Amino acid sequence: MRQDVEALDISDVTGNWVNAKVLAAGIEARITALADLADLPLFFGRLDYRHAPGADLAEGASGENFYIGRRHVHDADGDPMVIDWRAPVSQPFYRASRTDPMDVALRRRFGYTAGELTAYEDEHLTDPAEAATASRLLQDEIERPRVGPMRDIVATIQPEQHEIVVADVSGTVCVQGAPGTGKTAVGLHRVAYLLYAHRERLARTGTLVVGPNASFLRYIEQVLPALGEMQVKQATVDDLVAHVTVRGTDSADAARIKGDARMAEVLRRAVRSGIATPKEAAVVVRGSRRWRVPAYELQEIVQELAARDIRYGAAREALPQRIAHAVLVQMERAGEAPDDRVQDAVARNPAVKAVVKECWPPVDPARTVLRLLSDRQFLASCADGLLTAEEQETILWARPARGLGSARWSAADAVLIDEAQDLVRRTPSLGHVVLDEAQDLSPMQYRAVGRRCSTGSATVLGDIAQGTTPWATASWAEALAHLGKPEARVEELTRGFRVPLEIIGYASRLLPAIAPGLAPATSVRESAGALSVREVPPAALDDAVVTACREALTHEGSVGLIAADPRLPALSAALTAAGLPFLAPGEETSATARLTLVPASLAKGLEYDYVVLDDPATLVAAEPDPRTGLRRLYVALTRAVSGLTVLHAQPLPEELA
Ligand SMILES: Nc1ncnc2c1ncn2[C@@H]1O[C@H](COP(=O)(O)OP(=O)(O)OP(=O)(O)O)[C@@H](O)[C@H]1O
């Protein structure tokens, strides 16, 4: 198929060079999407339908078989050989069951090792004598050693995951899921599915995946291309609001207040603070005539615009036209017949411009935020009744910035500027946004993401128990309201794929302390997993960590050494001294470089076949409060696929002991 596309000659169908360029770009994209995927088999499943889909059963239609794969593949005659996993005919591969076989007699799953077909599993869905068994291929797929970035799960998507993947594009879905239940995987496959089902619409409006940090985005960036989808943008929230260079940091208190939803109203008042009541009439001179719009009429126009729910900038553009319209009404009364051009000319008249300048001045979003954070009185007037005096004091800059260039903007300030910008001019909305690790966003960050899907929909993925910011989400209902999608439905995933039984059981001891309402995850894994908890004398900790890493490296697959951020210098020195090379999170593991040194602050969303966890008490103590510390520990304990070694020099936190 790729060769067919490569061989296309477009010279006689493109009328001009623009058409030629557009068509050539389209063909290039298709060739990239059809690129051969090393080690990825053409198909992974087969469905034997009892009747050909769509056939009239009354006429005794015969059955039909389909092979299911990552892409649609046809033969030289154009007959389908492999059906795309997203096509309607493929859906029973994920959803058919013994209670509802969906007209499928046989479902076959194929297993591959290094690209070679090595196994298959059959389910005769209509045979009452056949007992349901757990899929060995699913276990093998999860336990297949990890090298390189995150893989797709297209061959083994489970029914509860599939339901979310194919949920209607018009609605927003929120998934609360314990660690390793496949939230990230589901979100990415959902994008691929929606692009298949609504390709034209989403190609026009765009799709976006939002993740917590750059290393996480690097880890997931290959999943969509492997599914043939190259056009999906990926960004962090900070990338979305990068209107200024972030060089400063906030105290936790200041960041929490700046991220609070009340700031939206503070900003609204700040942006609109320059709107003034016209005091004098406007006199427009045209030729020998003078047209006078009295002050009371100008006041009505300004008040009416201020009361309307339109952006500040749009109202500013409408104001001169409204004043000009008032002049035109007078002209018509006087027997003239002015047209649109006259209205435009009047709108540009100096007298009209002067009213606009005085009553609806231009607003620069960054300058507005700068003034709020530098000018005590201005902040007090905008935050009156919203923020306490103490809260205002907390967010005011100790040293007011002299100008935009010298301001030491923080990440939370950039979000405020984004809000101010949207108050002036509407932010364009995409068709669909996937928001991963959503539990860590502040209300103002939810609003920033929400305006990027205001006319589209979203998939919100997160786990309340993994929230580690001072403003972490306490309830999804509240978060979804800030996102502007209060009607979203919330689904819960509790079947864990990553973490083996014994390890998830150990980590779940923390749940009553960190998220009392949440049910512990179960594990689909048959292997108990290797959990080892060892106490070592403080002076021997670094050596013990190095030894545990060496042990872990005797197994196949990736190894992650997770430690409190302040421990990184000591541990990197110990690893280097021991001659153990290591990577940073997000750097691609390979057969020769399999050990990653992971600061606990970057562990979220990542996973390793074997994890070595450095002193849990130090990890907890490195966070601003005990609950955040235990949540950080819960994240660290749930990164392992096959084995976890916990080394502690200090007593373990009592919730874990
Ligand atoms: N249906 C499946 N088949 C095979 N592997 C799966 C399946 N679902 C999830 N996995 C695997 O389980 C692991 C965890 O998935 P994922 O990272 O999406 O979970 P998560 O819920 O986002 O976890 P966390 O909360 O820790 O970020 C990944 O290796 C993923 O490939």
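Remember, it's a predicted structure, so these values are computed and weren't measured experimentally. (Residues numbered from 1 in each chain as written. Predicted model: local features only at pLDDT ≥ 70, side-chain atom pairs only at ≥ 80, totals over all residues. Heavy atoms only, no water.)

Novice: Can you help me understand the overall build of the chain in this one?
Specialist: Secondary structure summary: the chain contains 28 helices and 21 strands in total. Taken along its principal axes, the extent of the C-alpha atoms in the chain is 95 × 75 × 45 Å. A total of 657 residues make up the chain; the buried ones form 52% of that total. Total accessible area on the chain stands at roughly 30,100 Å², and carbon and sulfur atoms take up 52% of it. Between the centroid of the 71 positive side chains of the chain and the centroid of its 87 negative side chains there is a distance of 8 Å. (Helix = DSSP H or I, 4+ residues; strand = E, 2+ residues; numbered from the N terminus. Buried < 20%, exposed > 50% of the residue type's maximum accessible area, 1.4 Å probe, protein only. Areas by Shrake-Rupley, 256 points an atom, 1.4 Å probe, with all protein chains shown as cover. Lys, Arg positive; Asp, Glu negative; His and termini not counted. Charge placed at Lys NZ, Arg CZ, Asp CG, Glu CD.)

Novice: Whenever I open this one, unusual backbone geometry confuses me. Can you help?
Specialist: Trans peptide bonds make up most of the peptide bonds, and negative phi angles are found at most residues other than glycine. Residues other than glycine seldom take positive phi values, yet Met102 does so here, at roughly 55°. With respect to the secondary-structure elements, Met102 resides in the loop between helix H3 (91-95) and strand S5 (104-113). The exposure class assigned to Met102 is partly exposed, which follows from its relative accessible area of 32%. The phi dihedral of Asp103 is positive, around 65°, even though this residue is not glycine.

Novice: Which parts of the structure should I look at to understand the sheet that holds S5?
Specialist: Pairing between sheet strands relies on hydrogen bonds along the backbone, with the strands arranged either parallel or antiparallel. Spatial strand order, S3-S4-S2-S1-S5-S6: six strands in an open sheet with mixed pairing. Looking along the sheet, the strands with just one partner apiece sit at the ends: strand S3 (73-74) and strand S6 (116-124). Bridge count between S3 and strand S4 (residues 80-84): two bridges; the pairing is antiparallel. Note that in S4 the partner of Val73 across the bridge is Val82. (Pairing = 2+ DSSP bridges.)

Novice: Help me understand the UniProt feature "domain: UvrD-like helicase ATP-binding" (unreviewed entry) in the chain in this model?
Specialist: Within the UniProt annotation, "domain: UvrD-like helicase ATP-binding" (unreviewed entry) is assigned to residues 156-500. End C-alpha to end C-alpha, residues 156-500 measures 18 Å, and it is 49% helix and 11% strand. (UniProt positions renumbered as here; feature names shortened; annotations may be inferred.)

Novice: Mind showing me how you'd approach the packing of aromatic side chains here?
Specialist: To describe a pair of aromatic rings, one takes the distance between the centres and the angle between the planes. The final tally for this structure, using the stated rule, is 10 aromatic pairs. Between Phe44 and Phe93, the aromatic rings sit 5.7 Å apart at their centres with planes inclined by 55°, giving tilted as the arrangement. Placement of the pair is Phe44 in the loop between helix H2 (17-33) and strand S1 (45-49) and Phe93 in helix H3, with a sequence separation of 49 residues. An identical accessibility class is assigned to Phe44 and Phe93; each is buried. For the pair Trp85 and Tyr94, a centre-to-centre distance of 6.4 Å together with 85° between the ring planes defines the contact as edge-to-face. Under the relative-accessibility criterion, Tyr94 is labelled buried at 2%. Sitting over the face of the ring of Phe93, Arg109 holds its NZ or CZ atom 5.2 Å from the ring centroid. Here Arg371 stacks its cationic end above the ring of Phe378, 3.7 Å away from the centre of that ring. (Phe/Tyr/Trp six-rings, centres within 6.5 Å; stacked < 30°, edge-to-face > 60°. Lys NZ or Arg CZ within 6 Å of the ring centre and 35° of its normal.)

Novice: I'm lost on the pattern of salt bridges in this one. Help?
Specialist: Two side chains with opposite charge may pair up if their charged atoms get near one another. Under the counting rule described, the total for this entry stands at 40 salt bridges. A salt bridge links Glu143 to Arg525; the nearest nitrogen and oxygen atoms lie 3.0 Å apart. Placement of Glu143 in helix H4 (residues 136-143) and of Arg525 in the loop between strand S16 (522-523) and strand S17 (530-535) is noted, with a sequence separation of 382 residues between them. Under the relative-accessibility criterion, Glu143 is labelled partly exposed at 24%. Judged by its relative accessible area of 3%, Arg525 falls in the buried class. The partner of Arg452 in a salt bridge is Asp418, and the shortest N-O contact between them spans 2.8 Å. Of this pair, Arg452 sits in the loop between helix H21 (443-450) and strand S13 (457-462) while Asp418 sits in helix H20 (residues 411-424), and the two are 34 residues apart along the sequence. For the pair shown, Arg452 and Asp418 are each scored as buried. What you see here is one network of salt bridges that share partners, running through Asp418, Glu419, Arg447, Arg451 and Arg452. (Salt bridge = Lys/Arg side-chain N within 4 Å of Asp/Glu carboxyl O.)

Novice: Is there a simple way to explain the site of the ligand in this structure?
Specialist: In the vicinity of the ligand there are 24 residues, among which Thr156, Lys183, Arg498, Glu607 and Arg639 approach most closely. Within the side chain of Gln161, an N or O atom sits 2.8 Å from a nitrogen atom of the ligand. At 2.9 Å, a side-chain N or O of Thr184 approaches an oxygen atom of the ligand. Here the ligand, which alone exposes 630 Å², has 97% of that area covered by the protein. Among the elements of the structure, H4 and helix H6 (183-197) are those that each provide at least two residues to the shell around the ligand. (Near = heavy atom within 4 Å. Polar contact = N/O pair within 3.5 Å; in protein donor to acceptor, adjacent residues only side chain to side chain.)

Novice: I would appreciate a short explanation of the UniProt feature "binding site: ATP" (unreviewed entry) in the chain in the present structure.
Specialist: UniProt annotation of "binding site: ATP" (unreviewed entry) refers to Gly177, Ala178, Pro179, Gly180, Thr181, Gly182, Lys183 and Thr184 when read in the numbering used here. Mapped onto the elements, Pro179 comes out in the loop between strand S7 (173-177) and H6. Once residues lying within four places of it in the same chain are set aside, the contact partners of Pro179 are Asp463, Gln466, Arg498, Val499, Tyr634, Thr638 and Arg639. For Gly180, the position within the fold is in the loop between S7 and H6. Beyond its immediate stretch of four places on either side in the chain, Gly180 contacts Arg495, Gly496, Phe497 and Arg498. (Contact = heavy atoms within 4.5 Å.)

Novice: Got a minute to help me understand the side chain of Ser558 in this structure?
Specialist: Examined against the element boundaries, Ser558 turns out to sit in the loop between helix H25 (541-553) and strand S18 (559-563). With residues up to four places along the chain from it excluded, the contact list for Ser558 reads Arg146, Thr589, Arg594, Glu607, Tyr608, Asp609 and Tyr610.

Novice: Teacher, can you tell me more about the pairing of S18 here?
Specialist: Within a regular strand, side chains alternate between the sheet's two faces. In terms of burial, S18 is largely enclosed, as five of its five residues are buried. Going residue by residue along S18, you find Val559, Leu561 and Ala563 tucked away on one face and Gly560 and Ile562 tucked away on the opposite face as well. Bridge count for S18 against strand S19 (residues 595-599) is five bridges, and the pairing is parallel. Bridge pairing links Leu561 to Leu597 in S19. For the crossover from S18 across helix H26 (residues 568-577) to S19, the handedness is right-handed. The pairing of S18 with strand S20 (residues 608-613) spans four bridges and is parallel. By the bridge assignment, Ile562 is partnered in S20 with Leu613. (Right-handed = clockwise from strand over helix to strand, strands pointing away.)

Novice: Just to check I follow, could you spell out helix H22 (residues 476-483) for this structure?
Specialist: When we look at burial in H22, the residues that qualify are Trp476, Ala479, Leu480 and Leu483. Along the long axis of H22, the arc covered by the buried residues comes to 95°, so they all point the same way. Looking at the buried side of H22, the elements it contacts are S7, strand S12 (432-435), H21, S13 and strand S14 (489-493). (Arc of directions from axis to C-beta.)

Novice: Just to check I follow, could you spell out the nonpolar core for this structure?
Specialist: Within soluble globular proteins, side chains that are nonpolar generally end up buried alongside one another. In terms of nonpolar packing, the biggest core is built from 83 residues, with Val266, Val346, Trp409 and Trp476 touching the most fellow members. Top contributing element to this core by residue count: helix H14 (residues 312-333), with 10 residues. If sequence neighbours within four positions are ignored, Val266 has contacts with Leu372, Leu379, Cys382, Ala383, Leu386 and Leu387. Phe66, Ala521, Ala603 and Leu656 belong to the second-largest nonpolar core, a separate cluster that totals 77 residues. (Core = buried A, V, L, I, M, F, W, Y, C linked by side-chain atoms within 4.5 Å.)

Novice: Even after reading the chapter, I still don't get the packing of helix H13 (residues 295-307) against H14, so can you show me in this structure?
Specialist: Here H13 crosses H14 at 145°, and the two axes come no closer than 10 Å. The two elements H13 and H14 meet at a crossing, and its hand is right-handed. Taken together, the residues of H14 that come into contact with H13 (itself represented by Glu297, Leu298, Ile301, Val302, Glu304 and Leu305) are Ala315, Ala318, Leu319, Arg322, Ile323 and Ala326. Considering only residue class, the contact of H13 with H14 consists of nine nonpolar, no polar and three charged. (Axes fitted to C-alpha atoms, helices over the stretch in contact; angles between N-to-C directions. Left-handed = near helix turned anticlockwise from the far one by under 90°. Nonpolar A, V, L, I, M, F, W, Y, C, P; charged D, E, K, R; others polar.)

Novice: What am I meant to see in the pairing of S6 here?
Specialist: Inspection of the sheet shows S5 paired to S6 by eight bridges, in the antiparallel sense. For Arg109, the partnering residue across the bridge sits in S6 and is Glu121.

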